[in-house]
Amino acid sequence: MDSQNVTEFGSFLSKLSPESVDTILQDVEYVYISNGKDPRLAGVGTLMAVPLPIIVAQKPGSMVVADPDISEYLPQESSISNKNRMQMNSYDVTQGSPLKMQEYADLSDIESPVAFQVNKEHFFKTSLTKLGIPFNKTKVVASLYSLASDGKSWPPILIFSDGKDRKHTSCLMLSREEQCLKSTVIKVSCPEPKNVHFPKIHNMKTVEKQMKYKARYDMMGKLLQEIISNEQDFAGSLVVEIKWSKPICTAVLQSPPLESQAHILAQVMSGDERSTAHGFYRELEMLRSFVNGLETGEILWLADEGNTPILEQLKMLIERLKLGDAAKTEKEPPQNEMSEVLGLDTLSFDRRKDLDFTDHLWNILIQCTSYSELEEALKYVFAVLSNGEFYPMVHRKNNTVIAQLVREACAGKLRMPNLAGGIYAIQLLAEIGLEKLRQDYVHAFLSTELVVLGNIESFVQTEEPLSQRLASLEKLHHVIEMSVMLGMFLKLSMQTLNSVAIQMLKYYENNSVNEKHLFDFPVPTSQIKSMIENCAPCLWQMEFSKPVQNATETTKIVLAEENPFPHVGWSSASENVPETGSEDFRDRLYYVIRLEDRVSVL
């Protein structure tokens, strides 16, 4: 099935006499869509599964995309002719045909300095606001499609309406199923003060066993961002979605029952300075620079900020080690006050106390500002070891080259390594960094009782190549960042965080780190009761259905803060609506979207 269906539809229209085709059809454009990422399908996709391929009827020229950077959102077919976008203008008296086929050239391989400056979100918002055709044209297109598709295996048609009719119709979809024609109408009511546009549930005739409800909460939404009191959003997304069928709701926005199952849909990005795991992140970034530099030859050195010279710090370290009091040479890391700012509980990590010589060495050498400074520092360390002035402690399982040199020095068999030229000093530094952070992450997981050693054992192996060991540490860090975020915003119990961590670790056994991956964590609603009680849902939905022959008629009523159909009304509930003057989440403004199926038995 391909765009030939659109041509067949046009052929059907061309057979009609000009008098039988109403002139209101002159401004309708038909587009064949086979890619679910097309932005025109986004709004409908929030309410139902969009059947593909599909024919779209829209206002002519409303989605002409000339930005090659937006090509990922457009249909991607195998041949050039299929990749070109197909447009059909309806009845044109001057041409003697109601159908005019036009092709837009594929611009995906053409660089355009102007196009790349287009704001993608603004482009789509502007384009989508022009999709709709008048409602009277919508009804005529639907009638013609039902006639033309009779007895044929055509894809469904989605007709966008401008919403200017009395019931604010945003779109109409028709599809042929077994022995029936199914129509789906979607209507949008824009927000009104005091929510007078809300539907009255008690006026609806529903069957208890058919009811379904869904509530979605954006836990990083406006209210919690006000609590954070920081201009920058937390680096991640956190949505709680709860579905239930009983008890029956008697009013919209009714809270979900505690017996229902909630799903946490979460993404987190490393590097937020307010995270209690930020100290790990800083060291991991330095380590990544050194490990990657072994292959690329490029190192991101720290800027010289006038700190105590490296050699002087090493001398102080050695003196302390001789006295058995190396800890005093270490500066205490700044305490993260996130939990106090938020007023929420979150995971905190105690500093590991059992640092050995290579751990202390790492803390100093990462402050080097050049390769020559690092080389000079290591030469000094090896010279002191060869003189037999002191014998520092290294952990038994520390198999780094520097740890082996320390053991050789204790046995009086130290062989001075050659650091001249090359990048051998970087390799030595990367080794001790990997060993220190390996121990740090093990301590972080075990000291907080987030998991047991068996859960992370495969991520802390020391026999693998440096790059693979680094990738394993990055996975462990992402698990910790997620646990911190969930503990911070949802006050999850340690038992629930344990389940979250184990689920992520199992995922990372076979997958690389992808901070855009959306994790789905099932939790009992009772676990997050206290948080959702103080947070308004960003979406609330009720659904009921009834069987008709071999098909099903479904009705959905959705309350949403954002408008999924920007061509009807405005896109955000905060626009064009007077402020309520209340901070109570119950007074927040919502769009009401109503989806209704109707089945005609043939």
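Residues numbered from 1 in each chain as written. Predicted model: local features only at pLDDT ≥ 70, side-chain atom pairs only at ≥ 80, totals over all residues. Heavy atoms only, no water.

(A) Examining the overall build of the chain more closely. Scanning the chain from terminus to terminus reveals 17 helices and 14 strands. In the chain, 74% of the contacts between residues at least 6 apart in sequence involve partners at least 24 apart. Of the roughly 30100 Å² of accessible surface on the chain, a fraction of 49% belongs to carbon and sulfur atoms. (Helix = DSSP H or I, 4+ residues; strand = E, 2+ residues; numbered from the N terminus. Contact = heavy atoms within 4.5 Å. Areas by Shrake-Rupley, 256 points an atom, 1.4 Å probe, with all protein chains shown as cover.)

(B) Quick peek at the nonpolar core. Of all hydrophobic cores here, the largest spans 106 residues; its most connected members are L238, I264, M482, L486 and W540. In this structure L486 touches L238, I264, A266, K491, L492, L497, V500 and F521, once residues within four positions along its chain are discounted. If you look at the next biggest cluster of nonpolar residues, it comprises 24 residues, including V56, L128, V188 and V558. (Core = buried A, V, L, I, M, F, W, Y, C linked by side-chain atoms within 4.5 Å. Buried < 20%, exposed > 50% of the residue type's maximum accessible area, 1.4 Å probe, protein only.)

(C) View of the packing of aromatic side chains. Under the counting rule described, the total for this entry stands at 13 aromatic pairs. Both rings, one in F519 and one in F521, keep their centres 5.7 Å apart while their planes meet at 5°; by these two values the pair is stacked. We note that F519, like F521, is buried. Here a set of aromatic residues connected by ring pairs shows up, and it is made of Y507, Y508, F519 and F521. (Phe/Tyr/Trp six-rings, centres within 6.5 Å; stacked < 30°, edge-to-face > 60°.)

(D) Fine view of the environment of S245. Along the chain, S245 falls in the loop between β9 (236–244) and β10 (261–268). The class of S245 is partly exposed, set by a relative accessible area of 38%. As a C-alpha pair, S245 and Q210 span 35 residues in sequence and 8.0 Å in three-dimensional space. Contact partners of S245, with chain neighbours within four places excluded, come to M211 and Y213.

(E) Layout of the pairing of strand β13 (residues 551–560). The buried count for β13 comes to nine of ten residues, which makes it a mostly enclosed element. As paired elements, strand β12 (residues 539–548) and β13 share ten bridges and run antiparallel to each other. Opposite W540, over in β13, you have L559 as the bridge partner. Taking the residues between adjacent antiparallel strands as the criterion, β12 and β13 are bridged by two residues, where Q549 takes a positive phi near 55°. (Pairing = 2+ DSSP bridges.)

(F) Up close: empty space enclosed by the protein. Here the structure, examined in full by the defined rule, presents one cavity of 30 Å³ or more. There is about 40 Å³ of room inside the largest cavity. In terms of lining residues, the largest cavity is bounded by L434, R438, F459, V460, Q461, E464, R469, S472 and L473. Those elements that place two or more of their residues in the lining of the largest cavity are α13 (424–447) and α15 (466–490). Per-element tally for the lining of the largest cavity: the top contributor is α15, with three residues. Within the lining of the largest cavity, the residues separate by chemical class into four nonpolar, two polar and three charged. (1 Å grid on protein atoms, 1.4 Å probe; cavity = no way out; pocket = protein on both sides within 12 Å on 5 of 7 lines; lining within 4 Å. Points joined across faces, edges and corners; volume = space filled by probe spheres on them. Nonpolar A, V, L, I, M, F, W, Y, C, P; charged D, E, K, R; others polar.)

(G) Highlighting the pattern of salt bridges. Scanning the entire structure with this criterion turns up 22 salt bridges. Between K379 and E375 there is a salt bridge, with its nearest N and O atoms 3.2 Å apart. In this pair, K379 and E375 both sit in helix α11 (residues 371–386), four residues apart, roughly one turn of the helix. By relative accessible area, which is 43% here, K379 ends up partly exposed. E375 sits in the buried class, given a relative accessible area of 15%. Taken together, the salt bridges that share partners define one network made up of E283, R352, D354, D359, K436 and D440. (Salt bridge = Lys/Arg side-chain N within 4 Å of Asp/Glu carboxyl O.)

(H) Representation of helix α7 (residues 278–296). Helix length check: α7 (19 residues) gives 26 Å between terminal C-alpha atoms against 27 Å at 1.5 Å per residue, within 8%. For α7, the set of buried residues is H278, F280, E283, L284, M286, L287, S289, F290, V291 and G293. Those residues of α7 that are buried lie in contact with α10 (357–365), α13 and α15. (Expected span 1.5 Å × (residues − 1).)

(I) Up close: the packing of α10 against α11. Orientation of α10 relative to α11, taken along the N-to-C sense of each, is 150°, at an axis distance of 12 Å. Between α10 and α11, the angle is such that the two are roughly antiparallel. With respect to the hand of their crossing, α10 and α11 are arranged in right-handed fashion. Contacts between α10 and α11 involve F357, L361 and L365 from the first element and L374, A377, L378 and V381 from the second. Taken together, the residues of the contact of α10 with α11 break down into seven nonpolar, no polar and no charged. (Axes fitted to C-alpha atoms, helices over the stretch in contact; angles between N-to-C directions. Parallel < 35°, antiparallel > 145°, perpendicular 65-115°, else oblique. Left-handed = near helix turned anticlockwise from the far one by under 90°.)

(J) Seen up close, the environment of V406. Note on placement: V406 falls in helix α12 (residues 401–410). On the basis of relative accessible area, V406 is assigned to the buried category, the value being 1%. For the pair V406 and V394, spaced twelve residues apart in sequence, the C-alpha separation works out to 7.7 Å. Not counting the four nearest positions on each side in its chain, V406 is found in contact with F357, L385, P392 and V394.

(K) Main features of α15. Compared with an ideal rise of 1.5 Å per residue, which puts 25 residues at 36 Å, α15 spans 36 Å between its outermost C-alpha atoms and is within 8% of the ideal. Among the 25 residues in α15, 22 count as buried, and that is most of the element. Downstream of α15 by one or two residues, K491 has phi in the positive range, about 55°.

(L) Spatial organisation of the environment of G388. Structurally, the position occupied by G388 is in the loop between α11 and α12. The class of G388 is partly exposed, set by a relative accessible area of 30%. In sequence terms G388 and A409 are 21 residues apart; their C-alpha atoms lie 7.0 Å from each other.

(M) Up close: the side chain of H197. Take H197: it is sitting in the loop between β7 (180–189) and β8 (212–218). Taking relative accessible area as the criterion, H197 reaches 13% and is therefore assigned buried. Looking at H197, its side chain comes within polar contact range of the main-chain oxygen of Y590, at 2.7 Å. Those residues within four positions of H197 in sequence are excluded, and the remaining contacts are S189, C190, P191, E192, Y590 and V592. (Polar contact = N/O pair within 3.5 Å; in protein donor to acceptor, adjacent residues only side chain to side chain.)

(N) View of the pairing of strand β11 (residues 519–524). Going residue by residue along β11, you find F519, F521 and V523 tucked away on one face and D520, P522 and P524 left uncovered on the opposite face. Sheet analysis places β10 next to β11, joined by six bridges and oriented antiparallel. Within β11, the residue paired with I264 across the bridge is F521.

(O) Representation of unusual backbone geometry. With omega at -5°, the peptide bond leading from L52 into P53 counts as cis. The residue P53 is located in the loop between α2 (42–45) and β2 (54–58) in this model. Here the residue pair K246 and P247 is connected by a cis peptide bond, since its omega of 0° sits within 30 degrees of zero. Relative to the assigned elements, P247 resides in the loop between β9 and β10. A positive phi angle is found at K491, which is not glycine, with a value near 55°. Structurally, K491 is set in the loop between α15 and α16 (494–508). One non-glycine residue, Q549, lies in positive phi territory at about 55°. Tracing the backbone through its elements, the reader meets Q549 in the loop between β12 and β13. A residue is classified by how much of its surface remains accessible, and Q549, at 61% relative accessible area, is exposed.

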